[in-house]
Amino acid sequence: MNRHQLLAKLIGLSVPFLNIFRSPPPWPYTLEDLELQSFMWGNKHSTFARRVLFILRFIAFLAKYNILKLEIVRGRYAKPLSSVELVGIVPKSLRDTRKELCINL
């Protein structure tokens, strides 16, 4: 066994031990991200890749089914985002933009 193989073996043996002392990284997705993706799905403004990721995250957060379903319904009843000019809404306040796009809270 050469040095590289020995080093790889030692690293492999030490990883489970070191994981005891390191804190796991936080879950990268929040409920707000899922709510936004639900809204976008309902508004028919999401790509295939985003839909696949949404389904995977949805499975991970099945307990939030009711919240996400409400967001999908809210997205269906809002004006289509594909018809919105981003340049025109940037200077407006969020409240005015929501009212204009029929996005109710």
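Use the structure listed above.
Let us look at the structure shown here.

Cut-offs used in this document
Residues numbered from 1 in each chain as written. Predicted model: local features only at pLDDT ≥ 70, side-chain atom pairs only at ≥ 80, totals over all residues. Heavy atoms only, no water. Helix = DSSP H or I, 4+ residues; strand = E, 2+ residues; numbered from the N terminus. Buried < 20%, exposed > 50% of the residue type's maximum accessible area, 1.4 Å probe, protein only. Contact = heavy atoms within 4.5 Å. Areas by Shrake-Rupley, 256 points an atom, 1.4 Å probe, with all protein chains shown as cover. Patch = residues over 30% accessible without salt bridge, like charges linked within 9 Å, V, L, I, M, F, W, Y side chains within 5 Å. Salt bridge = Lys/Arg side-chain N within 4 Å of Asp/Glu carboxyl O.

This brings us to the overall build of the chain. Along the backbone of the chain there are 6 helices and 0 strands. When the elements of the chain are put in sequence order from the N terminus, they spell out α-α-α-α-α-α. For the chain, with 105 residues in total, the buried portion stands at 20%. For the chain, the proportion of contacts with a sequence separation of at least 24, taken over those separated by at least 6, is 62%. Within the structure as shown, the chain displays about 8,700 Å² of accessible surface, and the carbon and sulfur contribution to it stands at 65%.

Okay, a nonpolar patch on the surface next. A cluster of nonpolar side chains, Phe 48, Val 52, Leu 53, Ile 55, Leu 56 and Ile 59, forms an exposed patch at the surface whose accessible area comes to about 590 Å². When you line up the elements, Ile 55 lands in helix α3 (residues 48-60). With relative accessibility at 41%, the residue Ile 55 sits in the partly exposed group.

Function cannot be read off these values alone, since they describe shape.
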